Amino acid sequence: MKMARLLTGVIAAILACAALAAQRPAASKALVGGTLIDGFGGPPIRNSVILIEGERITAVGQVGSLQVPAGAEVISTAGMSVLPGLWDMHVHLMINGHSDYAHWDKTYPALFEPVIMPASAKQLLLAGVTSARDLGAPLEASISVRDKINAGAIGGSTVYVSGPFIQHAPYPGTELFRWGVSGVEDARAKVRKLADAGVDVIKLIDQDQMTMEEVRAVVDEAHARGLPVVAHSHRPEEIRRGLAAGVDNFEHTGLSSAPEYPEDIIAAIRERTANMARGPLFWTPTIEGLLNYEYLRDNPEALDNSSWHEGLTPEIIADIRQSIAHPDRLPYFQLTPARRPTLARKFHQLREAGVVMLIGTDSGIPMKFHSQSTWHELDAWVNILGVDAMTAIRAATYWPSLAMKVDRDVGTVTPGKYADIIAVRGDVLRHIALLQRVDVVIKRGTRYK
Ligand SMILES: [Zn+2]
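Residues numbered from 1 in each chain as written. Predicted model: local features only at pLDDT ≥ 70, side-chain atom pairs only at ≥ 80, totals over all residues. Heavy atoms only, no water.

(A) View of the overall build of the chain. Scanning the chain for helices and strands turns up 14 helices and 19 strands. On C-alpha atoms alone, the chain measures out to a radius of gyration of 21 Å, which is about the 22 Å that the 2.2 N^0.38 rule sets for 449 residues. Reported as C-alpha extents along the three principal axes, the dimensions of the chain are approximately 65 × 60 × 45 Å. Looking at the chain residue by residue over its 449 residues, the buried ones come to 56%. Across the chain, every contact between residues at least 6 apart in sequence was considered, and the portion connecting residues at least 24 apart equals 72%. (Helix = DSSP H or I, 4+ residues; strand = E, 2+ residues; numbered from the N terminus. Rg over C-alpha atoms; globule rule 2.2 N^0.38 Å. Buried < 20%, exposed > 50% of the residue type's maximum accessible area, 1.4 Å probe, protein only. Contact = heavy atoms within 4.5 Å.)

Quick look at the structure:
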């Protein structure tokens, strides 16, 4: 009986997996009737019609003026907000919310590529995140999972990967996904190795422990290969060095529980954002986990939402569950209540200094699940920090595609681009939290939800 049930479960899982991977795009589709927020920031288009051929959008218009071709599969979006597929600019596919990194890094590396990273990418996709930037994982697994998704072999969010972190020295037990650099030549060689393997971005961390020459070597070599550089920015000197070296995008709302960013840093950011020829300075504040920790600690119902089980084995799920059974006891969040009151000030300092903010979440860290993180970040921006919903949506669609230099293909609902489109019942500009239950997910012309 038990065996039979287990077998049924396995077969069901395989069938579900096959169904997700095997849906080929119908020759043509039409999304008809919804209110389209196209990603450019202008007024929404009522009674919209979006035509899709294969993987791409061919036309965008309105009911009554844009004809749906005979034979097209019609998907009604009446009563829904329709928008470009979301981006999450800071995820960690190799982790799934477990609270003990040392245990995770020792136990699961063999499962990263076949199980864990694909499960994370699938959870993101079903949450409406059609593109995600993975910032820190073993090199071969990162490239392999990304390429399998792009080839349609597994169903998941399109991922842009950094492979291993570049830093002064890996922490013990993390050598698989953290590469230390020693000297300028080594820094250049490590970046070349990543670029040759085909990564999409370089991730710098602990650059305050590297020499300035090493930091510059990493950034210059990455730029020479056309790769953007993303840098950790928890400490003041990480930001100072990153700015001096020409980093493109900073991550996190940092400086621990200090009340604000110091004047010299804000002045340096203003100097940088005043320089239009260098393009926008991007910043991914990954702020919701910090803002919402105390609420989640006291109201942990979301942890029981089974959406984060998708694609994981019962053993992994049980391991994660027991590790977060006591949200109040997790050392990871010890300082978070002290940091929370400082976050709004820092967020607004950065915005006022002219950075372009991006939606990203650090999804995968303790209690942060890929199926839930992204809408939480959007909700926190709008409902806690007072950002207008259109700006928040553009920080999860238009701007990320620009930051990753793929705005020709994704980021807005525009003829010629990939059909990465989501739809959700109701008005997301009025109620951003509706994004927690996306009704339609289409990626590259294939409907996944
Ligand atoms: Zn991270």
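(B) Here's a closer look at the pairing of strand S17 (residues 421-425). With four of five residues buried, S17 is to be regarded as a mostly interior element. Pairing geometry for strand S6 (residues 80-84) and S17, over five bridges, is antiparallel. Paired with Leu83 across the two strands is Ile422, which belongs to S17. (Pairing = 2+ DSSP bridges.)

(C) Focus on the sheet that holds strand S8 (residues 129-134). Strands sit in the order S7-S8-S9 across an open sheet of three strands; the sheet is parallel. At either margin of the open sheet sits one strand with a lone partner, and together these are strand S7 (86-91) and strand S9 (158-161). With strand direction ignored, the average angle separating the axes of adjacent strands in the sheet is 20°. Across the face of the sheet, helix H3 (residues 109-126) comes into contact with S7 and S8 while running at roughly 140° to S8. (Axes fitted to C-alpha atoms, helices over the stretch in contact; angles between N-to-C directions.)

(D) Structural context of the sheet that holds strand S5 (residues 73-76). Pairing is mixed across the open sheet formed by four strands, whose spatial order is S4-S3-S1-S5. Two strands lie at the open edges of the sheet, namely strand S4 (56-62) and S5, each paired on one side alone. Within the sheet, the average angular offset between the axes of one strand and its neighbour, ignoring direction, is 20°. Relative to strand S3 (residues 48-53), strand S1 (residues 28-32) is paired through five bridges, and the arrangement is antiparallel. Pairing of Ser28 across the sheet is with Glu53, part of S3.

(E) Geometry of the packing of aromatic side chains. Counting across every chain of the model gives 13 aromatic pairs. Residues Phe347 and Trp381 carry aromatic rings whose centres are separated by 5.5 Å and whose planes lie at 70° to one another, so their mutual orientation is edge-to-face. Of this pair, Phe347 sits in helix H11 (residues 336-352) while Trp381 sits in helix H12 (residues 373-383); the two residues are 34 residues apart in sequence, bridging distant segments of the chain. Classification of Phe347 by relative accessible area gives buried; the value is 0%. Sitting above the plane of the Phe165 ring, Arg178 keeps its charged end 4.0 Å from the centroid. Between the NZ or CZ atom of Arg444 and the centre of the ring of Tyr418, over which it lies, the distance is 4.1 Å. (Phe/Tyr/Trp six-rings, centres within 6.5 Å; stacked < 30°, edge-to-face > 60°. Lys NZ or Arg CZ within 6 Å of the ring centre and 35° of its normal.)

(F) Looking closely at the side chain of Ser371. Tracing the sequence through the fold places Ser371 in the loop between strand S16 (356-357) and H12. At 2.8 Å, the side chain of Ser371 and the side chain of Ser307 are in polar contact. Once you skip the residues sitting within four places of it in the chain, Ser371 turns out to touch Gln123, Ala127, Ser307 and Trp308. (Polar contact = N/O pair within 3.5 Å; in protein donor to acceptor, adjacent residues only side chain to side chain.)

(G) Representation of the nonpolar core in the model. Residues Ile166, Ile202, Leu204, Ile269, Trp283, Trp381 and Leu435 are the most contacted members of the largest nonpolar core, which totals 107 residues. The greatest single-element share of this core, amounting to eight residues, is contributed by H3. (Core = buried A, V, L, I, M, F, W, Y, C linked by side-chain atoms within 4.5 Å.)

(H) How the structure looks around the environment of Glu263. For Glu263, the position within the fold is in helix H8 (residues 263-273). In this structure, the C-alpha to C-alpha distance between Glu263 and Ile50, residues 213 residues apart in sequence, is 48 Å.

(I) Geometry of the pattern of salt bridges. Summed over all chains, the structure comprises 21 salt bridges. Glu113 serves as the salt-bridge partner of Lys148, at 3.9 Å between the closest nitrogen and oxygen. Here Lys148, found in helix H4 (residues 139-150), pairs with Glu113, found in helix H3; they are 35 residues apart in sequence, far enough to count as distant. For Glu113, a relative accessible area of 29% corresponds to the partly exposed category. If you follow the salt bridges from partner to partner, you end up with Asp206, Asp208, Arg235 and Glu238 in one network. (Salt bridge = Lys/Arg side-chain N within 4 Å of Asp/Glu carboxyl O.)

(J) Region of the structure containing the packing of helix H6 (residues 212-224) against helix H7 (residues 236-245). Running from N to C, H6 and H7 point in directions that differ by 50°, and their axes come no closer than 9 Å. As the angle between them shows, H6 and H7 are arranged oblique. Classified by chirality, the crossing of H7 by H6 is right-handed. Judged by residue contacts, Met212, Val215, Arg216 and Val219 of H6 engage Arg241, Ala244 and Ala245 from H7. (Parallel < 35°, antiparallel > 145°, perpendicular 65-115°, else oblique. Left-handed = near helix turned anticlockwise from the far one by under 90°.)

(K) The arrangement of H3 in detail. For H3, spanning 18 residues, the distance from its first C-alpha to its last is 24 Å, which sits close to the expected 26 Å at 1.5 Å a residue. For H3, the principal kink sits at Val115 and spans about 45°; a proline, Pro118, occurs within the next four residues. Restricting attention to buried positions, one finds in H3 the residues Phe112, Val115, Ile116, Met117, Pro118, Ala119, Ser120, Ala121, Lys122, Gln123, Leu124 and Leu125. With its phi angle positive at about 95°, Gly128 sits one or two positions after the end of H3. (Expected span 1.5 Å × (residues − 1). Bend = angle between axes of the 7 residues up to and from the residue.)

(L) Up close: the layout of surface pockets. Here the largest pocket is characterised by a volume of approximately 830 Å³. In terms of lining residues, the largest pocket is bounded by 32 residues, among which Tyr101, His232, His234, Tyr332 and Asp362 are the most central. Only helix H2 (101-107), helix H9 (288-298) and H11 provide two or more residues apiece to the lining of the largest pocket. Its residues assigned to classes, the lining of the largest pocket comprises 12 nonpolar, 13 polar and seven charged. (1 Å grid on protein atoms, 1.4 Å probe; cavity = no way out; pocket = protein on both sides within 12 Å on 5 of 7 lines; lining within 4 Å. Points joined across faces, edges and corners; volume = space filled by probe spheres on them. Nonpolar A, V, L, I, M, F, W, Y, C, P; charged D, E, K, R; others polar.)

(M) Quick look at the side chain of Asp88. The residue Asp88 is located in strand S7 in this model. No salt bridge is formed by the buried Asp88. Its closest oppositely charged neighbour is Arg133, at 7.9 Å. At a separation of 3.1 Å, a polar atom in the side chain of Asp88 contacts the main-chain amide nitrogen of His90. Residues within four places of Asp88 in sequence aside, it is in contact with Val129, Ser131, Ala132, Arg133, Ile359, Gly360, Thr361 and Thr374. (Lys, Arg positive; Asp, Glu negative; His and termini not counted.)

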